[in-house]
Amino acid sequence: MDRICNLVRNGTHRAVFVMAGPGIGKSAVTDAVTERLAGSMSVLRIHASSALAGVPFGVLTPYTGELTAEESVSPVAVLRSMWSYFEKLKGGNGAAVLLVVDDAHHLDDASAGVLAEVISAGWATVVAAARPRPGLPQPLDQLWYDGLAERVDLRPLNREQIEEVLAHALDGTVPDATVDAIWTASGGNPRILDALLHDAAETGVLAKRNGIWMLLGSLPADGARLAAVVAKDHLRRAPEEQEALKLIALAGPVGRKVIEDISGAAVVRSLLDQQMVVETAGIPAELSLWNGLFAGAIRNTVSVSRSLQLLEKVKAHQDVAQLHGEGRLRSVEWALECGVRVSDDELMAAAKEALLRFRNHSARSIAARIHHPPLVALAQAIQARALYNEGAYQEAAALLDTCWLPLAGDPEGPAVLLLRVSAHQAIGHPLGVVADDVEMHAAAGGQGWQEELLHLLQLGAEVNVQALNDAVDAMRERSTDAGGDPLRALAEGLLAHALASAGRPVQGLEAALQAASELPPLEGSLFFFPEFVLGRLVSDYLAMGEWESAEREINHYAAGNAAAAATFHGSLELLRGYSLLRQGRMERAYQVLLPAVEALRLNDPLQLYRFGTALGFYAAARLGDTDQSRRLEQDHKDADTGWPAHDLLAEAYVSAAAEYLARDGKGLAALQTLMTTTEASARTGNLLEVFAMCWDLGDPSVVPMVQAAARGVEGRWAEALLTLATAWEAADGDNLMATAASLEEAGFVNLAREAYARASTVLEQSGERRRSRQAVAQREKCDHELGERFREGRFIAAAPAVRLTRREQDIVELAVQGLTDREIAQRLMVSVRTVEGHLYRTYVKLGVRSRDELESALPR
């Protein structure tokens, strides 16, 4: 807006053309320009419209009222009349004339020609807003080519801009998942964004949980603000365009030829030019509304009786045999909305399609209408999976208890039983609850695979590597190359996790990849095999220390499965946060883990919430955030039992976190006790991670244990930890510096930091102060790369003192910038009380009494 005002004031151009798609903010910009310049210029407004587009000089009528009927169609007479109007206006206050034209793409050619003459003659400055397609009429467009006009293009908001808007509008932390969902739903359109935010807040879909803004459901398409946006857009359109938009919204994606046959090819081309609809290439080519929520809002404006009339129109021109995917699903949804009967076979196909697209409400409502006895059990299973996707585990378990047995002989039988076990475990029931029921029916002639499946799950919960390995070997011998065996996918995935826990993640990765090879034929299964295998694949990469490979797998899944985000985003973010934590990027891990825990609180399909609270508790304690630590600790205590294979590490992280909070030795003692258990001894990979936690807490007695365990663990992380432990024990300054450099180059920056810290201490003790300072500088470089400046590392106690902790430094830096305690708390995702406590301790350390003295007292 400032740029446009400056162009008008400077007089460098006689016209400014503001170009943008529908809803991007053209009208808001012209309104703001009008308000800004009204004090220094005489402002006139012209509102073009599709209704007047066919009337020569129709939009100029307010300025040609004194002309006769014959003169009103003469360009010369119209120009003379406008000149007279401008002169009278200038005679009043002498101010220059600013002519603001809204929807200039609707100007008729005659009016556009007159305005071009007005601009060329310098009688007025023109600010015209228009859509890029169909664009400005030729006379105005020519002015831009001739250099007499400047063009300003407004673009949809990108993700970063949406994030800025949300950060400004919402008081608290807005996680990536919320930003992504709102950005995708709004399409970057400011008008729709504003409507969505108001409607979502009004309905409670957008809610603040523990300081984090979460989406508790799908963004509403029936909100009052969005309805107003749709109504305003419709009022600007010709009736034939309104009708076509309703048809496409109700039927879309729908064949282009179908709409052309009903509404005319010219109307379709116009809507495509205006970017109100998009075309998908194919046979046949299909049309959809540019925005899904906008389409939903249009559907809500159509009465059932009118919708039925439009449905009959479409059916008369549509070849049902060509419907597929989304189009087939939408045709069934539309028929049901109109009360039209649909066969059970069609309902089943549509319910499966809705479930595949994570349209959970639609899948449930369609499947619930299926009454043909042979299909009822499968329909109930579809409803159960949709409920499971939504986090309604109690309802899902109840349905699965009813339908699993009739589906025992169905190809979906294993998936349904797995889903049943998962639903019961999600509500705190142990595996035995389902196992006992299955065993009872097995005695009455059940399927043999059921006992095998439950046995595999039990072995996985126990992390029984040998038994799982034997089971997988047997399956590999009898399997074909076709893939699609659900039991083998399950067994390979469980083995992959068990091998990683046992310190054999390289072998575990091979098992995970074998599990992945079974997935293509299982696409659309009622169990979440892809996500189950992804979790094991990422866990193996993390156990190996292959951080980038783990991130790549997470990103690859997220990019290809956007529809699954609402269900599995919390699980993916937990894995991402765990990776960051393992890398020592504690601040970033904390920022990822807190929203992940809140997401898992709502929806925890992979049963990671309890493990997530342990990781969040640990990260919060490491960073000194006492309030969040206490809350997460309580969350962990209150959590239902998660996947049992995670319990050992969860207990370790909770014990370590308690030690960071209290520093009373109890947490460290609990870790030392845990290390001696039979369970830990059998899981060398997990045990090495526990040793690392103890070492982090400043217990050097574990260094020999680290060396012994690391030698038996596969992967780069264990190798790097062994290298550090060996150099640590040798206590040779030169060797420690070389070790640190090699660890840094290998990507283990947190381990390199500790090697530099140890080197600085050893070199200082041997009198090599210059080299000791070099080691400190290198350590601080690692801190900076990790985002952990001024952190007091695990071995830094004997190194040159650091005046402020990392958290204190972060808070002080923001305080010096002028942020209030509340603003600092929001920025760092901590409580105001935590900020106040850190500032108080900082004042004491630095010997100051107020914020005004902070900057000068900070360490240089």
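Residues numbered from 1 in each chain as written. Predicted model: local features only at pLDDT ≥ 70, side-chain atom pairs only at ≥ 80, totals over all residues. Heavy atoms only, no water.

Focus on the overall build of the chain
To keep it simple, the criterion reads: Strands here are runs of E lasting at least two residues and helices are runs of H or I lasting at least four, both read from the DSSP assignment and numbered beginning at the N terminus. The criterion used for residue contact is that any of the two residues' heavy atoms lie within 4.5 Å. Method for areas: the Shrake-Rupley scheme with a 1.4 Å probe, in which residue coverage is limited to the protein chains shown. Neither His nor the chain ends is counted toward charge; the positive residues are Lys and Arg and the negative residues Asp and Glu. Lys charges are placed at NZ, Arg charges at CZ, Asp charges at CG and Glu charges at CD.
Regarding its fold elements, the chain presents 44 helices and ten strands. Across its three principal axes, the chain shows a C-alpha extent of roughly 105 × 80 × 40 Å. If you take every contact in the chain between residues at least 6 apart in sequence, the share linking residues at least 24 apart comes to 68%. On the chain, roughly 36,200 Å² of surface is accessible, and the fraction owed to carbon and sulfur atoms is 51%. Of note, the chain has its 82 positive side-chain charges centred 5 Å away from the centre of its 112 negative side-chain charges.

Quick notes on the packing of aromatic side chains
Where we set the bar: For Phe, Tyr and Trp, where Trp contributes only its six-membered ring, two rings pair if their centres lie within 6.5 Å, and the inter-plane angle classes them as stacked under 30 degrees, edge-to-face over 60, or tilted in between. Accessibility here uses a 1.4 Å probe with only protein chains present; expressed as a share of the type maximum, an area under 20% marks a residue as buried, one over 50% as exposed, and anything in between as partly exposed. Remark: a charge is flagged as sitting over a ring if the NZ atom of Lys or the CZ atom of Arg is within 6 Å of the ring centre and within 35 degrees of the ring normal.
If you walk through the whole model with that rule in mind, you get 16 aromatic pairs. With a centroid separation of 6.4 Å and 85° between ring planes, the pair formed by Y578 and Y653 is classed as edge-to-face. Here Y578, found in helix α28 (residues 565-582), pairs with Y653, found in helix α32 (residues 647-662); they are 75 residues apart in sequence, far enough to count as distant. By relative accessible area, which is 2% here, Y653 ends up buried. Ring pairs connect the aromatic residues F358, Y388, Y393, F527, F528, F529, F532 and F568, which therefore count as one cluster. Above the face of the W144 ring, R151 is positioned so that its terminal group lies 5.6 Å from the ring centre. Lying across the ring of W728, R758 places its NZ or CZ 3.9 Å from the centre.

Quick look at the packing of helix α10 (residues 239-251) against helix α13 (residues 292-299)
Put simply, the rule is: Simply put, an axis is a line fit to the C-alpha atoms, just over the touching stretch for a helix, and the angle between two N-to-C directions goes from 0 to 180 degrees. For classification, angles of less than 35 degrees are called roughly parallel, those exceeding 145 degrees roughly antiparallel, those between 65 and 115 degrees roughly perpendicular, and all remaining angles oblique.
One way to put it is that α10 packs onto α13 with a least axis distance of 9 Å and a crossing angle of 110°. In terms of orientation, α10 and α13 fall into the roughly perpendicular class. Packed against α10, whose contacting residues are L245, K246, A249 and L250, the element α13 presents A295, I298 and R299 at the interface.

Notes on helix α16 (residues 344-356)
Filter applied, for reference: Every helix has an expected span of 1.5 Å times one less than the residues it contains.
Under the 1.5 Å per step criterion, the end-to-end length of α16 is 18 Å for 13 residues, consistent within 8% with the ideal 18 Å. When α16 is considered as a whole, its buried residues turn out to be D344, L347, M348, A350, A351, E353, A354 and L355. Buried positions along α16 lie against α15 (325-337), α17 (360-367) and α18 (373-389). Looking one or two places after α16, you find F358, whose phi comes out positive at around 55°.

What about the nonpolar core?
Going by this rule: Think of a nonpolar core as a cluster: buried Ala, Val, Leu, Ile, Met, Phe, Trp, Tyr and Cys residues, connected wherever their side-chain atoms sit within 4.5 Å.
In this structure, L453, L457, Y653, L688 and W695 are the most contacted members of the largest nonpolar core, which totals 194 residues. Residues contacting L688, with those up to four places away along its chain left out, are V706, A709, A710, V713, W717, A718 and L721. Counting residues in hydrophobic clusters, the runner-up holds 50 residues, among them I162, L197, A244 and V314.

Details of the pattern of salt bridges
Here is the rule we go by: Between Lys or Arg on one side and Asp or Glu on the other, a salt bridge is scored when a side-chain nitrogen of the former is within 4 Å of a carboxyl oxygen of the latter.
Tallying each qualifying case throughout the model produces 50 salt bridges. The shortest N-O distance in the salt bridge between E546 and R716 comes to 3.9 Å. Here R716 lies in helix α37 (residues 716-730) and E546 lies in the loop between α26 (529-544) and α27 (547-560), a separation of 170 residues in the sequence. Each member of the salt-bridge network shares a partner with another, and the members are E326, R330, E333, E337, E353, R357 and R359.

Overview of the sheet that holds strand β9 (residues 277-280)
Our working rule: Think of it this way: DSSP has to see at least two bridges between two strands before they count as a pair.
Spatial ordering of the open sheet is given by β8-β10-β9, a layout of three strands whose pairing is antiparallel. Lying at the two open borders of the sheet, with one neighbouring strand each, are β8 (254-255) and β9.

Details of the pairing of strand β1 (residues 15-19)
Summarising burial for β1: five of the five residues are buried, a large majority. Neither face of β1 is left uncovered, since the one carrying A15, F17 and M19 and the one carrying V16 and V18 both have all their residues buried. Summarising the sheet, β1 and strand β4 (residues 125-130) pair through five bridges and their orientation is parallel. Across the sheet, residue A15 finds its bridge partner in β4, namely V126. Examined bridge by bridge, β1 and strand β5 (residues 149-153) share five bridges and lie parallel to one another. Bridge pairing in β5 places F17 opposite R151.

Structural notes on the pairing of β4
Buried residues dominate β4, accounting for six of its six residues. Here β4 shows two buried faces, one formed by T125, V127 and A129 and the other by V126, A128 and A130.

Digging into empty space enclosed by the protein
To be explicit about the condition: Both cavities and pockets are sets of points on a 1 Å grid over the protein atoms alone; in a cavity a 1.4 Å probe fits but cannot get out, in a pocket the set is open with protein on both sides within 12 Å along at least five of seven lines, and lining residues sit with an atom within 4 Å of a point. Grid points are joined across faces, edges and corners, and a volume is the space filled by probe spheres set on the points. Gly is placed with the polar residues, together with every amino acid not listed as nonpolar (Ala, Val, Leu, Ile, Met, Phe, Trp, Tyr, Cys and Pro) or charged (Asp, Glu, Lys and Arg).
Scanning the model with the defined rule gives seven cavities of 30 Å³ or more in all. Roughly 350 Å³ of internal volume is contained in the largest cavity. Lining the largest cavity we find 25 residues, and of these H497, S539, Y578, H646 and L649 sit closest to its centre. Broken down by secondary-structure element, the contributors of at least two residues to the lining of the largest cavity are α24 (486-501), α26, α28 and α35 (684-696). At five residues, the largest contribution of residues to the lining of the largest cavity is made by α26. Classifying every residue of the lining of the largest cavity by side-chain character gives 14 nonpolar, eight polar and three charged.

Some words on the environment of E492
The following threshold applies: Under this definition, polar contacts are N or O atom pairs within 3.5 Å; protein pairs additionally need one hydrogen-donor-capable and one acceptor-capable atom, and for neighbouring residues in sequence, both atoms have to be side-chain atoms.
As for its position among the elements, E492 is in helix α24. Taking C-alpha positions, E492 is 60 Å from R151, a pair spaced 341 residues apart along the chain. In contact with E492, other than residues within four places in its own chain, are V472, R476, A511, A512, Q514 and A515. Side chain to side chain, E492 and R476 meet in a polar contact 2.8 Å long.

Observations regarding the side chain of S81
Within the element layout of this structure, S81 appears in helix α3 (residues 75-93). You can call S81 buried: its relative accessible area is 13%. Looking at S81, its side chain comes within polar contact range of the main-chain oxygen of Y63, at 2.8 Å. If near-sequence neighbours (up to four positions away) are discounted, S81 is found in contact with Y63, T64 and L67.

Considerations on the packing of α27 against α28
The condition is simple: A clockwise turn of the near helix away from the far one marks a right-handed crossing, whereas an anticlockwise turn of less than a right angle marks a left-handed crossing.
Where α27 meets α28, the closest approach of the two axes is 10 Å, and the angle between their N-to-C directions is 165°. When the axis of α27 is compared with that of α28, the two are roughly antiparallel. Note that α27 runs across α28; the crossing there is left-handed. Note on element contacts: α28 touches α27 through F568, L572, L575, R576, S579 and R582, opposite W547, E551, I554, N555, Y557 and A558. Classifying every residue of the contact of α27 with α28 by side-chain character gives seven nonpolar, two polar and three charged.

Details of the sheet that holds β1
The strand order across the open sheet formed by five strands is β2-β3-β4-β1-β5, and the pairing between neighbours is parallel. Edge positions in the sheet fall to β2 (42-47) and β5, since each of these pairs with one other strand and no more. On average, adjacent strands in this sheet sit at an angle of 15° to one another, irrespective of strand direction. Those strands touched by helix α1 (residues 2-10) are β1, β3 (97-102), β4 and β5, and its axis lies near 175° from that of β5.

A word on the environment of A515
With respect to the secondary-structure elements, A515 resides in helix α25 (residues 505-517). Taking C-alpha positions, A515 is 29 Å from A746, a pair spaced 231 residues apart along the chain. Every residue in contact with A515, bar those within four places of it in the chain, is listed here: A489, E492, G493 and V533.

Overview of the confidence of the model for the chain
Any segment with low pLDDT has predicted coordinates that should not be analysed in fine detail. We apply this condition: pLDDT: the predictor's confidence for each residue, scored from 0 to 100.
Residue-level pLDDT values for the chain average 88, and 95% of them are 70 or greater. For the chain, helix α44 (residues 854-857) is the element with the lowest average pLDDT, namely 68, and α18 is the one with the highest, namely 97. The low-confidence segment residues 789-802, where pLDDT is below 50, has 41 contacts with residues more than four positions distant or belonging to other chains.

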